[in-house]
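Architecture at a glance
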Amino acid sequence: AQNRLLIKNGKVVNEDNIFDADVYIEDGIIKQLGRNLIIPGGTRTIDARGKFVMPGGIDPHTHFELELMGATSVDDFYQGTKAAVAGGTTTIIDFVIPKGEESLLEAYERYRITADEKVCCDYTLHVGVTSWNNRTREEMATLVQQHGINSFKFFMAYRDLFMLRDPELIEAFKVCKSLGAVAMIHAENGDIIYENTKKLLAAGVTGPEGHEMSRPEEVEAEAVNRACVIANQLNSPLYVTAVSSKSAADVVSGKRADGALIYGEVLAASLGIDGSAQYEQDVLRARSLVTSPPLRPDPTTPTYLIEQIVQDGLQVTGSDNCTFNSDQKALGKHDFSKIPNGVNGVEDRMSIVWHKGVYNGIMDPTRFVAVTSTNAAKIFNLYPRKGVIAVGSDADIVVWDPSSNRVISAETHHQACDFNIFEGMEVYGVPEYVVVGGRVCVDECDLKAVHGFGKFIECPAYPSYVYEVVEEREKRPRGVARSEAEARKYAEEEAVFDK
Ligand code: URP
Ligand code: ZN
Ligand code: ZN
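Residues numbered from 1 in each chain as written. Chains lettered and ligands numbered in written order. Predicted model: local features only at pLDDT ≥ 70, side-chain atom pairs only at ≥ 80, totals over all residues. Heavy atoms only, no water.

**Points about the overall build of the chain**
Under the convention used in this document: Going along the chain from the N terminus, every DSSP run of H or I of four or more residues is numbered as a helix, and every run of E of two or more is numbered as a strand. Note that the radius of gyration is over C-alpha atoms, with the globule rule given as 2.2 Å times the number of residues to the power 0.38. Relative accessibility under 20% of the residue-type maximum defines a buried residue, over 50% an exposed one, and the middle range a partly exposed one, all with a 1.4 Å probe and only protein chains included. By definition, residues are in contact when any of their heavy atoms lie within 4.5 Å. In short, Shrake-Rupley with a 1.4 Å probe defines the accessible areas, and a residue's cover is counted only from the protein chains shown. Counted charges follow a simple rule, with Lys and Arg positive, Asp and Glu negative, and His plus the chain ends left uncounted. To locate a charge, take atom NZ for lysine, CZ for arginine, CG for aspartate or CD for glutamate.
In terms of helices and strands, the chain carries 16 helices and 19 strands. Taken over C-alpha atoms, the radius of gyration comes to 22 Å for the chain, in line with the 23 Å a tight globule of 499 residues would show. Principal axes of the C-alpha set define a box for the chain whose edges measure 70 × 60 × 45 Å. Within the span of the chain, comprising 499 residues, buried residues form 61% of the whole. Long-range pairs, those at least 24 residues apart, make up 75% of the contacts in the chain between residues at least 6 apart in sequence. Accessible surface computed for the chain: about 18500 Å², of which carbon and sulfur atoms make up 49%. Across the chain, the mean location of the 51 positive side-chain charges is 2 Å away from that of the 72 negative side-chain charges.

Here is the structure:
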């Protein structure tokens, strides 16, 4: 029997348009969109009057069951995707992080075996390239050409664990470009962090405040700038993960204004709260906020970052959900550098962005859709399968009630973690229904996520037109137009990247 669903009377929101339409779904695909649709009898109908009908969220940055710093993050692929769905997110992108001597392909296979049978929503993977050796180039090619991977993350931090140095980054970005894959960067200066950590610990600063002290804003901004310069000189697009400070956001938005192909991601954590509690008395709370790059103590940071997201200085919101329980965080009770890094956010990201942006009157619903779903779909080449309400797209849909509110709490969240960094925050904007691949998985706010229902989605290599434009750029001196007509032509070429 066909699985049919009609979502009636809602306001459909895409990144470029809001319109009144009913959405008819059959077997997991949007089949019709419009008013007065002719549909088969016996179809379940959801009344979305007064609600927004939007593409389900895409969280491009999670770390489920990640072994990091002597602990394993407690949200696994089941609990993590269940929490995602509860919050209105219908696709997540996790990071393959190799263990020890494991090859990239072995690590990829391990993730697939682990995740495929657990996920409650669709997912795909980026691959973290945590060392550079003579197998790496070939393995990256195999992953792109045979395994549906089109993005790789490189680390400028975590010295002695994951860090690549500049000559390796140069090679890495070149390989990505040649494969049509997206280069992603964790941008913090790992050598400086190493130096500062030694100095702080020697001076007796062992508490959680040492985390941010060892890697202040300019340590992030320097690495963001360096990564952008390398990418730009190679005419390579670059995705900067977890832009966490005003200074780093300025670098990304400034480079974009100069015409560079840089995308910036901000975390729900950085939009929802500042990091000042890392410097306060409550050490449990302080440790709970430790993530990298750090949440900043400057209380104006969240507002600044949401403004950047609104103005397109930054393009994507993610969670970096990498949850460790209080007892795991306590591994660093005598040494801040041993606190496992990571925070929650996969469940609350949509509400945080809606509340801080749309509810507060500074963001249009269309921009909300762009930064929670469509832009990630486009960057990772999942569009228009994901990231849009359109005929032929996957029926991953959230029916969003803008006038309901909830108070975020570990008592009621669906994550495995024993605390929630947003504890006590009241947010407007609640997913009343969440449709995952045509199946109603949040039903009148009641979570009915299904273990193993999601699928792995292959990401094809980056669309070739982007690279054609990049090749064109390489033929001329950067930014130099010799006539007004040429300037116009270049502007048109650049505009292709925004499509
Ligand atoms: O602190 C974080 N973000 N932990 C997860 C690993 C990473 O750097 O993304
Ligand atoms: Zn990272
Ligand atoms: Zn991360």
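**Describing the site of ligand 1**
Heads up, the rule is: It suffices for a single heavy atom of a residue to lie within 4 Å of a molecule or strand for the residue to be listed as near it. By the criterion applied in these results, polar contacts are pairs of N or O atoms within 3.5 Å in which, for protein atoms, one can donate a hydrogen and the other can accept it, and in which residues neighboring in sequence qualify only through two side-chain atoms. Classes in brief: Ala, Val, Leu, Ile, Met, Phe, Trp, Tyr, Cys and Pro nonpolar; Asp, Glu, Lys and Arg charged; the others, Gly included, polar.
Lining the immediate environment of ligand 1, one finds His61, His63, Leu68, Lys153, Tyr158, His186, Thr291, Ser292, Asp320, Cys322, Asn341 and Gly342. Contact between ligand 1 and Lys153: an oxygen atom at 3.1 Å from a side-chain N or O atom of the residue. Here a nitrogen atom of ligand 1 and a backbone polar atom of Asn341 are 3.1 Å apart. Within the complex, the protein chains bury 99% of what would otherwise be the 260 Å² of accessible surface of ligand 1. Taken together, the residues of the shell around ligand 1 break down into three nonpolar, seven polar and two charged.

**Quick look at the sheet that holds strand 14 (residues 262-267)**
Basically, it comes down to this: Two strands are counted as paired when DSSP detects at least two bridges linking them. Axis definition: a line fitted to C-alpha atoms, limited for helices to the stretch in contact. Angles are taken between N-to-C directions and run from 0 to 180 degrees.
An order of 6-9-10-11-12-13-14-15 is seen for the eight strands of this open sheet, with the pairing classed as parallel. A strand with exactly one partner marks an edge of an open sheet, and here the two such strands are strand 6 (57-62) and strand 15 (316-318). For this sheet the average axis-to-axis angle between neighbouring strands, irrespective of direction, equals 30°.

**Topic: the coordination of the zinc ion (ligand 2)**
Going by this rule: Coordinating donors are taken as N, O and S atoms within 2.8 Å of the metal, stretched to 3.2 Å for Na, K and Ca; because water is absent from the atoms, sites can appear incomplete. A four-donor site is classed as tetrahedral when every donor-metal-donor angle falls between 85 and 135 degrees; four donors are called square planar, and six octahedral, when trans pairs exceed 155 degrees and all remaining angles lie between 65 and 115, with any other arrangement labelled irregular.
Coordination of the zinc ion (ligand 2) by the protein involves Lys153 (NZ) and His186 (ND1), with metal-donor separations of 2.1 to 2.3 Å. Geometry at the zinc ion (ligand 2) is irregular, judged from the four donor atoms that bind it and their angles of 54 to 142° at the metal. Here the zinc ion (ligand 2) and the zinc ion (ligand 3) are spaced 3.5 Å apart. Here Lys153 is found in strand 11 (residues 151-155), whereas its partner His186 is found in strand 12 (residues 182-186), with 33 residues between them in sequence. The same class applies to Lys153 and to His186, which are both buried.

**Quick look at the confidence of the model for the chain**
What counts here: Across the chain, each position has a pLDDT score giving the predictor's confidence in that residue, from 0 to 100.
Mean pLDDT over the chain: 94, with 93% of residues reaching 70 or higher. Interface confidence for the predicted complex, given as ipTM, is 0.98, next to a pTM of 0.94.

**Some words on the coordination of the zinc ion (ligand 3)**
His61 (NE2), His63 (NE2) and Asp320 (OD) make up the full set of protein donors to the zinc ion (ligand 3), lying at 2.0 to 2.1 Å. The coordination sphere of the zinc ion (ligand 3) comprises four donor atoms, whose angles at the metal cover 81 to 146°; the geometry is irregular. We note that the donor set of the zinc ion (ligand 3) lies within a single chain, spaced as H-x1-H-x256-D.

**Here we look at unusual backbone geometry**
Here Ser292 and Pro293 are connected by a cis peptide whose omega angle stands at -10°. If you trace the backbone, Pro293 turns up in the loop between helix 10 (283-288) and helix 11 (301-310). Positive phi values are uncommon outside glycine, yet Asp27 reaches one of about 45°. Of note, Asp27 is situated in the loop between strand 2 (17-26) and strand 3 (29-34).

**Regarding the pairing of strand 5 (residues 52-55)**
Here strand 1 (residues 4-14) runs beside strand 5; their pairing, made up of two bridges, is parallel. Bridged to Val12 within strand 5 is Val53. Relative to strand 16 (residues 397-407), strand 5 runs antiparallel, the two sharing four bridges. Bridged to Val53 within strand 16 is Val399.

**A closer look at the side chain of Ser236**
Looking at where Ser236 falls in the secondary structure, it is placed in the loop between helix 7 (217-233) and strand 13 (238-240). Judged by relative accessible area, Ser236 falls into the buried class, the value being 4%. In this structure Ser236 touches Phe173, Lys177, Ala231 and Leu261, once residues within four positions along its chain are discounted.

**A look at the nonpolar core**
To keep it simple, the criterion reads: Within this scheme, the nonpolar core is defined by two criteria: the residues are buried Ala, Val, Leu, Ile, Met, Phe, Trp, Tyr or Cys, and they are joined through side-chain atoms within 4.5 Å.
By size, the foremost hydrophobic cluster in this structure holds 121 residues, and its most contacted members are Phe152, Phe154, Phe173, Ile185 and Leu238. With eight residues, the single largest contributor to this core is helix 7. Those residues in contact with Phe154, other than ones at most four positions away along the chain, are Val129, Met140, Leu164, Leu169, Ala172, Phe173, Cys176, Ala183, Met184, Ile185 and His186.

**Focus on the packing of aromatic side chains**
The criterion, for reference: When the centres of two rings from Phe, Tyr and Trp lie within 6.5 Å, Trp using its six-membered ring, the rings pair. Their planes under 30 degrees apart give stacked, over 60 give edge-to-face, and anything left gives tilted.
Scanning all chains against the criterion turns up 15 aromatic pairs. A centroid spacing of 6.2 Å and a plane angle of 80° characterise the contact between Tyr108 and Phe456, whose relative ring orientation is edge-to-face. Separated by 348 residues along the polypeptide, Tyr108 in helix 2 (residues 104-116) and Phe456 in the loop between strand 19 (446-447) and helix 15 (464-474) bring together distant segments of the chain. Residues Tyr108 and Phe456 agree in their burial class; the two are buried. With centroids separated by 6.0 Å and ring planes inclined at 50°, the aromatic side chains of Phe154 and Phe173 adopt a geometry described as tilted.

**Here we look at helix 11**
Selection rule: When we speak of the arc, we mean the arc of directions from the helix axis to the C-beta atoms.
Among the residues making up helix 11, those that are buried are Thr301, Pro302, Leu305, Ile306, Gln308 and Ile309. Buried residues of helix 11 fall within an arc of 155° about the axis and therefore sit on the same side. Next to the buried residues of helix 11 lie helix 8 (246-257), strand 14, helix 9 (268-272), strand 15, helix 13 (349-359) and helix 14 (365-379). Looking one or two residues past helix 11, Asp312 carries a phi angle of roughly 70°, positive in sign.

**So, the pattern of salt bridges**
Rules: For this analysis, a salt bridge means a side-chain nitrogen from Lys or Arg found within 4 Å of a carboxyl oxygen belonging to Asp or Glu.
In total, this model carries 34 salt bridges according to the counting rule given. A salt bridge links Asp443 to Arg44; its shortest N-O distance comes to 2.9 Å. On the criterion of sequence distance, the pair formed by Asp443 in strand 18 (residues 439-443) and Arg44 in strand 4 (residues 44-47) is long-range, its members being 399 residues apart. Residue Asp443 is classed as buried on the basis of its relative accessible area of 12%. Here Arg44 falls in the partly exposed class, since its relative accessible area comes to 34%. Between Arg110 and Glu102 there is a salt bridge; the shortest N-O distance is 2.8 Å. Among the ionic contacts, a cluster of salt bridges with common partners joins Asp122, Arg385, Lys386, Asp394, Asp396 and Lys455.

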